[in-house]
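Descriptive analysis of the structure
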Amino acid sequence: QQQVKQSPQSLIVQKGGISIINCAYENTAFDYFPWYQQFPGKGPALLIAIRPDVSEKKEGRFTISFNKSAKQFSLHIMDSQPGDSATYFCAASIGSADDKIIFGKGTRLHILP
Amino acid sequence: DAGITQSPRHKVTETGTPVTLRCHQTENHRYMYWYRQDPGHGLRLIHYSYGVKDTDKGEVSDGYSVSRSKTEDFLLTLESATSSQTSVYFCAISEGTGRYGYTFGSGTRLTVV
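The rules behind the values
Residues numbered from 1 in each chain as written. Chains lettered and ligands numbered in written order. Predicted model: local features only at pLDDT ≥ 70, side-chain atom pairs only at ≥ 80, totals over all residues. Heavy atoms only, no water. Helix = DSSP H or I, 4+ residues; strand = E, 2+ residues; numbered from the N terminus. Rg over C-alpha atoms; globule rule 2.2 N^0.38 Å. Buried < 20%, exposed > 50% of the residue type's maximum accessible area, 1.4 Å probe, protein only. Contact = heavy atoms within 4.5 Å. Buried area = accessible area lost by both parts, 1.4 Å probe. Salt bridge = Lys/Arg side-chain N within 4 Å of Asp/Glu carboxyl O. Polar contact = N/O pair within 3.5 Å; in protein donor to acceptor, adjacent residues only side chain to side chain. Core = buried A, V, L, I, M, F, W, Y, C linked by side-chain atoms within 4.5 Å. Pairing = 2+ DSSP bridges. Axes fitted to C-alpha atoms, helices over the stretch in contact; angles between N-to-C directions. Phe/Tyr/Trp six-rings, centres within 6.5 Å; stacked < 30°, edge-to-face > 60°.

1. Topic: the overall build of chain A
- Scanning chain A for helices and strands turns up zero helices and eleven strands.
- Scanning chain A from its N terminus toward the C terminus, one meets helices and strands in the order β-β-β-β-β-β-β-β-β-β-β.
- Here the C-alpha atoms of chain A give a radius of gyration of 14 Å, agreeing with the 13 Å that 2.2 N^0.38 yields for 113 residues.
- Projecting the C-alpha coordinates of chain A onto the three principal axes gives extents of approximately 45 × 30 × 20 Å.
- Expressed as a percentage of the 113 residues in chain A, the buried residues total 45%.

What follows is the structure, given as C-alpha cells:
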C-alpha cells in the first residue's frame with residue numbers, strides 16, 4: 001500500500017512530441033506528489049509537484065495531471081527536446097511526523113533528435 | 001549540488017572490507033537520507049536521520065550502518081562489503097520532513113570486486 005507504481009520503464013519520443021509518464025498509488029493518505037528529474041551522473045532534482053486538491057499543475061512545458069478518484073497522476077512533457085532525456089521519478093508522501101518520500105522505480109526517457 | 005557533497009565520488013573495494021561513504025551538508029538541514037540506486041529498482045532508502053544521533057532504518061538496511069555525530073555529516077558504513085552492494089549511493093537532505101522535497105548529492109559509485 002506504500003508503493004508508487006510507475007510506467008513505462010523506458011520511453012522513446014521524437015523531438016517535438018509529447019512524453020507521458022504515468023504513476024499510480026493505493027494509499028489515499030498520500031497528499032503530496034513530486035516528480036524528480038535525473039540526468040546521467042547526477043542526483044535526482046525536484047522538477048514539479050502537486051497536491052491532491054488540484055487536478056493539474058503546469059510549469060513551462062511540464063504538466064502534472066492528477067486524478068484523485070483513480071489514484072493516478074501523470075507527467076506530460078510538451079514539445080519534448082533532446083535536453084529532456086533523463087530518468088524521471090514520480091513520488092508520494094504523507095503529511096505525518098515520519099514523512100519520507102516514496103519513489104516510483106523511474107522512467108528512462110530518450111528524446112530522438 | 002549546492003550545499004551537499006558526497007565523498008568519494010567513485011570507489012572500488014574488495015569483498016569483505018569495510019567501506020565508509022560520507023555526506024556533508026552546509027544547509028543546516030535536520031533530515032538526511034541515504035539511498036541506493038540500481039537498475040530496475042529505482043531509489044531505495046537505506047537509512048535516514050532526523051537529528052544528531054537520531055537515525056532509523058529504511059527498506060534495505062541490512063549490511064549497512066550509519067552515524068551522525070554532527071548536523072552537517074552523515075556517514076554510511078558497509079560493514080563487510082559484498083558484490084550485491086555494488087551500486088550508486090545518493091545522499092539527500094531536507095529542511096523539514098520530506099514532503100517539501102529533497103536535495104540530492106551527486107552520488108558515489110561503489111564497485112565491490
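2. Some words on the interface of chain B and chain A
- The partner chain A presents 23 residues to the 21 residues of chain B that form the contact.
- In total, about 1,700 Å² of surface goes out of reach between chain B and chain A, with carbon and sulfur atoms giving 51% of it.
- Looking only at chain B, the three residues that lose the most surface to chain A are Leu43, Arg99 and Tyr102 of chain B, adding up to 35% of its buried area.
- One can count zero salt bridges joining chain B with chain A.
- Across the chain B-chain A interface, the total number found is three residue pairs in polar contact (both at pLDDT 80 or more).
- Sorting the residues of the side of chain B that touches chain A by element identifies strand S4 (31–38) and strand S5 (42–51) of chain B as the ones contributing at least two each.

3. Concerning the nonpolar core
- Ranked by internal contacts, the top residues of the largest apolar core, which has 24 residues, are Val4, Phe33, Trp35, Phe73, Leu75, Tyr88 and Leu109 of chain A.
- For this core, the elements supplying multiple residues, two or more each, are strand S2 (10–14), strand S3 (19–25), strand S4 (30–38), strand S5 (45–50), strand S7 (62–67), strand S8 (72–77), strand S9 (86–94) and strand S11 (107–112) of chain A.
- When residues in this core are grouped by element, the largest group, four residues, is from S9 of chain A.
- Excluding residues that lie within four positions of it along the chain, Leu75 of chain A makes contacts with Ser19, Ile20, Ile21, Trp35, Leu47, Ile48, Phe62, Thr63, Ile64 and Tyr88 of chain A.
- Ranked by size, the runner-up nonpolar core spans 19 residues in total, among them Leu21, Ile46, Ala81 and Val112 of chain B.

4. Concerning the pattern of salt bridges
- As enumerated under the stated definition, the model contains seven salt bridges over all chains in all.
- Between Glu59 of chain A and Lys57 of chain A there is a salt bridge, with its nearest N and O atoms 3.8 Å apart.
- Ionic pairing is found between Lys70 of chain B and Asp73 of chain B, a salt bridge with its closest N-O pair at 3.3 Å.
- With relative accessibility at 40%, the residue Lys70 of chain B sits in the partly exposed group.
- Residue Asp73 of chain B is classed as buried on the basis of its relative accessible area, which comes to 8%.
- Salt bridges sharing common partners tie together Arg22, Lys70 and Asp73 of chain B.

5. Some remarks on the sheet that holds S7 of chain A
Residue and element names in this part refer to chain A.
- The sheet built from five strands is open, its strands ordered S1-S3-S8-S7-S6 with antiparallel pairing. Each edge of the open sheet is held by one strand with a lone partner, namely strand S1 (4–7) and strand S6 (56–59). Averaged over all pairs of adjacent strands, the angle between their axes in this sheet comes to 15°, without regard to strand direction.
- Inspection of the sheet shows S6 paired to S7 by four bridges, in the antiparallel sense. Within S7, the position partnered with Lys57 by the bridge is Ile64.

6. Re the packing of aromatic side chains
- Evaluated as defined, the whole model comprises 24 aromatic pairs over all chains.
- Relative to Phe66 of chain A, the ring of Tyr25 of chain A has its centre 6.2 Å away and its plane inclined at 20°; by these criteria the two rings are stacked. Taken as a pair, Tyr25 of chain A in strand S3 and Phe66 of chain A in strand S7 lie far apart in primary sequence, 41 residues in all. Neither residue differs from the other here; Tyr25 of chain A and Phe66 of chain A are each classed as buried.
- Relative to Phe103 of chain A, the ring of Tyr36 of chain A has its centre 5.5 Å away and its plane inclined at 65°; by these criteria the two rings are edge-to-face. Taken together, the positions of Tyr36 of chain A in strand S4 and Phe103 of chain A in strand S10 (residues 102–103) put the pair 67 residues apart, joining distant regions of the chain.
- Under the relative-accessibility criterion, Tyr36 of chain A is labelled buried at 0%.
- An aromatic cluster is defined as three or more aromatic residues linked by ring pairs; in this entry it consists of Tyr36, Phe89 and Phe103 of chain A together with Tyr33, Tyr35, Tyr48, Tyr50, Phe90, Tyr102 and Phe104 of chain B.

Geometric values such as these leave the question of function open.
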